[in-house]
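# Working through the structure, step by step
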Amino acid sequence: DTGVSQNPRHKITKRGQNVTFRCDPISEHNRLYWYRQTLGQGPEFLTYFQNEAQLEKSRLLSDRFSAERPKGSFSTLEIQRTEQGDSAMYLCASSFLQGLYGYTFGSGTRLTVV
Amino acid sequence: AQTVTQSQPEMSVQEAETVTLSCTYDTSESDYYLFWYKQPPSRQMILVIRQEAYKQQNATENRFSVNFQKAAKSFSLKISDSQLGDAAMYFCAYRSANTGGFKTIFGAGTRLFVKA
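Parameters and conventions
- Residues numbered from 1 in each chain as written.
- Chains lettered and ligands numbered in written order.
- Predicted model: local features only at pLDDT ≥ 70, side-chain atom pairs only at ≥ 80, totals over all residues.
- Heavy atoms only, no water.
- Helix = DSSP H or I, 4+ residues; strand = E, 2+ residues; numbered from the N terminus.
- Buried < 20%, exposed > 50% of the residue type's maximum accessible area, 1.4 Å probe, protein only.
- Contact = heavy atoms within 4.5 Å.
- Areas by Shrake-Rupley, 256 points an atom, 1.4 Å probe, with all protein chains shown as cover.
- Pairing = 2+ DSSP bridges.
- Axes fitted to C-alpha atoms, helices over the stretch in contact; angles between N-to-C directions.
- Phe/Tyr/Trp six-rings, centres within 6.5 Å; stacked < 30°, edge-to-face > 60°.
- Lys NZ or Arg CZ within 6 Å of the ring centre and 35° of its normal.
- Salt bridge = Lys/Arg side-chain N within 4 Å of Asp/Glu carboxyl O.

Another point: the overall build of chain A. In terms of helices and strands, chain A carries zero helices and eleven strands. Counted from the first residue to the last, chain A has its helices and strands arranged as β-β-β-β-β-β-β-β-β-β-β. Looking at chain A as a whole, 48% of its 114 residues qualify as buried. Intrachain contacts of chain A at a sequence separation of at least 6 include 53% that bridge at least 24 residues. A total of about 5700 Å² of accessible surface is found on chain A, and carbon and sulfur atoms cover 46% of it.

What follows is the structure, encoded as structure tokens:
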């Protein structure tokens, strides 16, 4: 197991386009989280999955954002009609036992909307 | 709602010296977990150390130790014998022990520079 894998590492898109990011968590971890990190800030929670069930979405996750985790394995985060304010690092993390022992993070996907 | 505050945007330390990064948090809960994460430049965030609130003893991991003051809601990280590889952003984080809770809340981070 090589840890949490995120693809792509970088994405540049034009405003108004749709983008999709993928996260492959550690196989033994049934909890998966998406966070957003803007420059100079800490990660902000976006959404959480336990297996394939999406149990919580942040108010930060507007209706342009959708996340899925089919079959409780990999997860995708899609942003529709991207805006410049969506430019950020999107981090995926997975955990064992609800994150009580901490998260394992992926390297993130850096999105730039031009 | 819980909050995590890191009041030092940047810190600097001489190689081989000791540095302490500050963190305070606000919560009405009595049982929770606290973490320090390290994010090196252009690399993934990794867990440095973890503290359980119901444990009085401060956690230690090699050169990293914490000073956990529950009453003061303070959770500082001490790095001893600083090395060049310690240069990174450090994030303090809080996680409720409530089984219905699932979200870890992060502070804004402290950037640590290590001088050779």
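Mapped onto the fold, Ser-65 of chain B is located in strand β8 (residues 64-69). Those residues within four positions of Ser-65 of chain B in sequence are excluded, and the remaining contacts are Ile-49, Ala-59, Thr-60, Ser-76, Leu-77 and Lys-78 of chain B.

This paragraph deals with the sheet that holds strand β1 (residues 5-7) of chain A. Residue and element names in this part refer to chain A. If you trace the four strands from one edge of the open sheet to the other, you get β1-β3-β8-β7, paired in antiparallel fashion. In this open sheet, the two edge strands, each paired with only one partner strand, are β1 and β7 (65-68). This sheet shows a mean twist of 15° between the axes of neighbouring strands, independent of strand direction. Inspection of the sheet shows β1 paired to strand β3 (residues 19-24) by three bridges, in the antiparallel sense. The partner of Ser-5 across the bridge, within β3, is Asp-24.

For the rest of this paragraph, the subject is the packing of aromatic side chains. Going through the model one piece at a time under the given rule, you end up with 17 aromatic pairs over all chains. On the numbers, 5.5 Å between centres and 50° between planes, the contact of Tyr-37 of chain B with Phe-106 of chain B is tilted. Residue Tyr-37 of chain B is found in strand β5 (residues 32-39), and its partner Phe-106 of chain B is found in strand β11 (residues 104-106); the two are separated by 69 residues along the sequence. Phe-106 of chain B carries the same exposure label as Tyr-37 of chain B, and that label is buried. Site record: aromatic cluster; members linked through ring pairs are Tyr-33, Tyr-35, Phe-45, Tyr-48, Tyr-103 and Phe-105 of chain A together with Phe-35, Tyr-37 and Phe-106 of chain B. The ring of Phe-74 of chain A has Arg-22 of chain A lying over it, and the distance from NZ or CZ to the ring centre is 3.9 Å.

It is worth spelling out the pattern of salt bridges at this point. Applying the stated criterion across every chain yields a total of six salt bridges over all chains. Where Arg-64 of chain A meets Glu-83 of chain A, a salt bridge forms, and the shortest distance between an N and an O atom there is 3.4 Å. In this pair, Arg-64 of chain A is assigned in the loop between β6 (53-57) and β7 and Glu-83 of chain A in the loop between β8 (75-79) and β9 (88-95), connecting sequence segments 19 residues apart. We note a salt bridge from Asp-26 of chain B to Lys-73 of chain B, for which the minimum N-O separation is 3.7 Å. Placement of Asp-26 of chain B in strand β4 (residues 24-26) and of Lys-73 of chain B in the loop between β8 and β9 (74-79) is noted, with a sequence separation of 47 residues between them. A residue is classified by how much of its surface remains accessible, and Lys-73 of chain B, at 25% relative accessible area, is partly exposed. Several salt bridges converge on common partners, so that one network encompasses Arg-64, Glu-83 and Asp-86 of chain A.

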